[in-house]
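As a plain string of letters, each chain reads:
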Amino acid sequence: MDQFTVVCVTTAALWLGWRVWSFTLWPMLHPELPRRYPYLVPVVGHIKAMVNHTGRVFTRGKAYFGNTREIFSLVVMGEELYVVTNPSDIQEVFKQAASLDHDAMAVDILLDTGMTKETITQIFEPVYRSKNYIKATHDDFRLQMHPGPRLDKVQADFLAHIDKSLRFDKISGPMVKSLPTGGKVVSLWEWCGQILIDSAIEAFFSRALYEANPDMLQDFVSFDEESWKLPYRLPKFAAKKMYGSMDKCILAISKWLEYPKEKRQAAWIVDQMIEGLDEVKVTGSYQRGAMVFVLFRLVNTNAFRLCFWCLAYLLFDQELLNVIKEEMQPAWNREGEGSLDMQYLLDKCPRLSSFYEEVLRITVDSVGARVVMKETMIGNKKLSAGRKVLMPFRQGHYDPEFFGSDAASFNPTRFLDNEKLTRSASWKPFGGGQAWCPGRFMARREVYMFLVVVLFRFNTDLYSPDHRTPEFPVLDDSYPWGGILTPKPGQKVLVEISKRV
Ligand code: HEM
């Protein structure tokens, strides 16, 4: 045997030995530990699938273990991640909040957003309001965004601004793609983003933010387009657009925070966050801006995407559109043109509600994450300290046992036909536990407002520049967005808008 053959044979023998040990013998010796979903290259593990097809790696892992929904593990660049898919195990993870910590996971997000280790120490010191800054901020998120007077205030500003911006003469700028006689052709994605992000700026941050950076909205959109890359810690040159635009947004917020309070009228939550930073002595301008940018991102990243998908589903299905419009009509007529009865939409439109939940189900890809602080049993599996836990909720939203044999397809009356579905243990579009999205109330109202105003104020027709039949955009599930998914690159929905006579 020549030297090359010896090296090859030895490598193959070692590789085979490693496979047998890792994926057969070790699990037999330790049935209490989550089994590893096999991979080919030691250490590297599932990195390619995690970056490129995150959703699929979870579904395949689940299928590999016979769809028993047992907790399994994935190795990615030497790190072992536990994947929890069983709804009862997920519930248990939420309950064991002390040993399976959400905030330890958030540290990575804060570091990725440009915070220093010193700031992290300050905001995790238990010196603020008998807890730490981060825990107090979770409470404040809920106080601002759960139903009550604080939500009423910010919501009234938000919805009034959506209404004000959805006027024919205000449809302008790069989102307008052509100007046929009497109409305007807009990119639906850009229109939803423009209106909803601008309205959130108005309601949460005030227009003074545009003084700090007139391109704030565009810079955020540029960041948002590539924001899935952030957790991968790529070198700056490999994700220039994302890092560059995030930096511009943070610098703008930092500058805005230095304006006198009367000038930068902000929502209660923003003032609370700033007072808290003063108390825990985070004084660096960029550090304060980065903290508030975390909120800016949470408020803005998902709602406009959901709005886009809702409108796309309606515009591509005339029959469904007619049914939903007929149900919404009394909410629009009641107060006359210009204002609408949101309570009617919320209480009296079961078809609209079912349609909204179904679009959410099809398009959302939220993933809950925790860090194991001390050895913890979940079901019959022992989770070891220091490992991360991932809960990919999307696979549960497509589980036929909970959502029926047609779970893979779109059915706008699914949640109407079975009203218990929103209470199903497998339904987690907004996550759960400590960081259960407090914006879920606002998200629904934003989307309803946008839909009703657009559909009753304008004529809306799908538009194709080459007169071909427009095609429904394909959902891009290849990137780990952690929220509402985008359409595949280049798949635009163009809509011709004209005034309703
Ligand atoms: C369809 C739209 C939305 C989806 C799918 C969504 C999803 C989520 C998810 C999954 C989380 C949990 C993240 C985690 O576990 O770390 C979250 C947190 C959060 N969301 Fe949303 N969200 C949406 C809309 C909104 C809106 C409109 C707002 C505000 C107006 C908002 C504000 C927040 C905040 C502040 C948190 C952090 C809560 C905390 O850490 O205590 N979200 N969202």
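Since the structure is predicted, the reported quantities are computational estimates derived from the model, not experimental observations.

### Focus: helix H14 (residues 285-300)
Phase 1: The first and last C-alpha atoms of H14 sit 22 Å apart over 16 residues, in line with the 22 Å expected at 1.5 Å per residue.
Phase 2: Every buried residue of H14 is listed here: Gln287, Arg288, Gly289, Ala290, Met291, Val292, Phe293, Val294, Leu295, Phe296, Val299 and Asn300.

### Overview of the domain arrangement of the chain
Phase 1: When cut into domains, the chain gives domain 1 (3-83) and domain 2 (103-499).
Phase 2: Spacing between the C-alpha centres of domain 1 and domain 2 amounts to 35 Å.
Phase 3: Across the contact, 21 residues belong to domain 1 and 22 residues belong to domain 2.
Phase 4: Roughly 2000 Å² is buried in total at the junction of domain 1 and domain 2, and carbon and sulfur atoms are behind 53% of that figure.
Phase 5: With its nearest N and O atoms 3.3 Å apart, the salt bridge here joins Glu79 to Lys388.
Phase 6: The interface formed by domain 1 and domain 2 contains eleven residue pairs in polar contact (both at pLDDT 80 or more).
Phase 7: Among the residues forming the side of domain 1 that touches domain 2, the class breakdown is ten nonpolar, four polar and seven charged.

### A closer look at the coordination of the iron atom of the ligand
Phase 1: Protein coordination of the iron atom of the ligand is limited to a single donor, Cys437 (SG), which sits 2.3 Å from the metal.
Phase 2: Mapped onto the elements of the fold, Cys437 is located in the loop between helix H21 (414-417) and helix H22 (440-457).

### Overview of the pairing of strand E6 (residues 183-187)
Residues in a regular strand point their side chains to alternate faces of the sheet.
Phase 1: Burial analysis of E6 places five of its five residues in the buried class, which makes it a mostly covered element.
Phase 2: Burial along E6 is two-sided: Gly183, Val185 and Ser187 and Lys184 and Val186, pointing in opposite directions, are all buried.
Phase 3: As paired elements, strand E5 (residues 176-178) and E6 share two bridges and run antiparallel to each other. When the sheet's bridge partners are listed, Ser178 is paired in E6 with Val185.
Phase 4: Linking two consecutive strands that pair antiparallel, namely E5 and E6, is a turn of four residues; a positive phi of about 75° is found at Gly182 within it.

### Topic: empty space enclosed by the protein
Phase 1: Scanning all chains against the criterion turns up one cavity of 30 Å³ or more.
Phase 2: Taken together, Thr85, Pro87, Ile90, Pro392, Phe393, Gln395, Gly396, Ser426 and Lys428 make up the full set of residues lining the largest cavity.
Phase 3: In the lining of the largest cavity, the residues fall into four nonpolar, four polar and one charged.

### Let's talk about the sheet that holds strand E1 (residues 35-36)
For sheets, the rule is that strands pair by backbone hydrogen bonds, running either parallel or antiparallel.
Phase 1: Pairing in this open sheet of six strands is mixed, and the strands run E1-E2-E3-E10-E7-E4 from one edge to the other. Two strands in the sheet have a free side with no partner beyond their single neighbour: E1 and strand E4 (100-101).

### Structural notes on the packing of helix H12 (residues 240-257) against H14
Phase 1: Where H12 contacts H14, the two axes come as close as 8 Å, and the packing angle between them is 110°. Considering their axes alone, H12 and H14 lie roughly perpendicular with respect to each other. Counted together, Met246, Asp247, Cys249, Ile250, Leu251, Ile253, Ser254 and Leu257 of H12 and Ser285, Tyr286, Arg288, Gly289, Ala290, Val292, Phe293 and Phe296 of H14 form the full contact between these two elements.
Phase 2: Looking at side-chain class alone, the contact of H12 with H14 contains eleven nonpolar, three polar and two charged residues.

### Considering the site of the ligand
Phase 1: Taken together, 20 residues sit near the ligand, with His102, His138, Ala435, Cys437 and Glu446 positioned nearest.
Phase 2: In this structure, an oxygen atom belonging to the ligand sits 2.8 Å away from a side-chain N or O atom of His102.
Phase 3: In the model, an oxygen atom of the ligand is placed 2.5 Å from a nitrogen or oxygen of the His138 side chain.
Phase 4: Those elements that provide at least two residues to the shell around the ligand are helix H7 (133-145), H14 and H22.
Phase 5: Split by residue class, the shell around the ligand holds 13 nonpolar, six polar and one charged.

### What to know about the layout of surface pockets
Phase 1: The computed volume of the second largest pocket comes to approximately 1000 Å³.
Phase 2: The wall of the second largest pocket is formed by 41 residues, among which Trp189, Glu190, Gln218, Val221 and Glu225 lie closest to the centre.
Phase 3: For the lining of the second largest pocket, the elements supplying multiple residues, two or more each, are helix H8 (149-165), helix H9 (188-205), helix H11 (216-226), helix H15 (303-315) and strand E13 (486-487).
Phase 4: Looking at which element gives the most residues to the lining of the second largest pocket, the answer is H11, with seven residues.

### A look at the pairing of strand E2 (residues 72-76)
Phase 1: Buried residues dominate E2, accounting for five of its five residues.
Phase 2: Neither face of E2 is left uncovered, since the one carrying Phe72, Leu74 and Val76 and the one carrying Ser73 and Val75 both have all their residues buried.
Phase 3: Relative to strand E3 (residues 79-83), E2 is paired through five bridges, and the arrangement is antiparallel. What sits directly across from Val75, in E3, is Glu80.
Phase 4: The hairpin formed by E2 and E3 contains two residues between the paired strands, and Met77 there has a positive phi angle of roughly 45°.

### Observations regarding the nonpolar core
Phase 1: By size, the foremost hydrophobic cluster in this structure holds 125 residues, and its most contacted members are Trp191, Phe204 and Phe450.
Phase 2: Setting aside its immediate chain neighbours within four residues, Trp191 contacts Leu166, Ile171, Met175, Val186, Phe450, Val454, Phe458 and Ile497.
Phase 3: Of all hydrophobic cores here, the second largest spans 14 residues; its members include Tyr37, Phe72, Leu81 and Val83.

### Let's talk about a nonpolar patch on the surface
Phase 1: The grouping of Trp15, Leu16, Val20, Trp21, Leu25, Trp26, Met28, Leu29, Leu40, Val41, Val44 and Met77 at the surface amounts to a nonpolar patch, some 1200 Å² of accessible area in total.
Phase 2: Structurally, Met28 is set in helix H1 (residues 3-29).

Rules used throughout
- Residues numbered from 1 in each chain as written.
- Predicted model: local features only at pLDDT ≥ 70, side-chain atom pairs only at ≥ 80, totals over all residues.
- Heavy atoms only, no water.
- Helix = DSSP H or I, 4+ residues; strand = E, 2+ residues; numbered from the N terminus.
- Expected span 1.5 Å × (residues − 1).
- Buried < 20%, exposed > 50% of the residue type's maximum accessible area, 1.4 Å probe, protein only.
- Domains from an automatic or database assignment.
- Contact = heavy atoms within 4.5 Å.
- Buried area = accessible area lost by both parts, 1.4 Å probe.
- Salt bridge = Lys/Arg side-chain N within 4 Å of Asp/Glu carboxyl O.
- Polar contact = N/O pair within 3.5 Å; in protein donor to acceptor, adjacent residues only side chain to side chain.
- Nonpolar A, V, L, I, M, F, W, Y, C, P; charged D, E, K, R; others polar.
- Donors = N, O, S within 2.8 Å, 3.2 Å for Na, K, Ca; no water.
- Pairing = 2+ DSSP bridges.
- 1 Å grid on protein atoms, 1.4 Å probe; cavity = no way out; pocket = protein on both sides within 12 Å on 5 of 7 lines; lining within 4 Å.
- Points joined across faces, edges and corners; volume = space filled by probe spheres on them.
- Axes fitted to C-alpha atoms, helices over the stretch in contact; angles between N-to-C directions.
- Parallel < 35°, antiparallel > 145°, perpendicular 65-115°, else oblique.
- Near = heavy atom within 4 Å.
- Core = buried A, V, L, I, M, F, W, Y, C linked by side-chain atoms within 4.5 Å.
- Patch = residues over 30% accessible without salt bridge, like charges linked within 9 Å, V, L, I, M, F, W, Y side chains within 5 Å.
- Areas by Shrake-Rupley, 256 points an atom, 1.4 Å probe, with all protein chains shown as cover.

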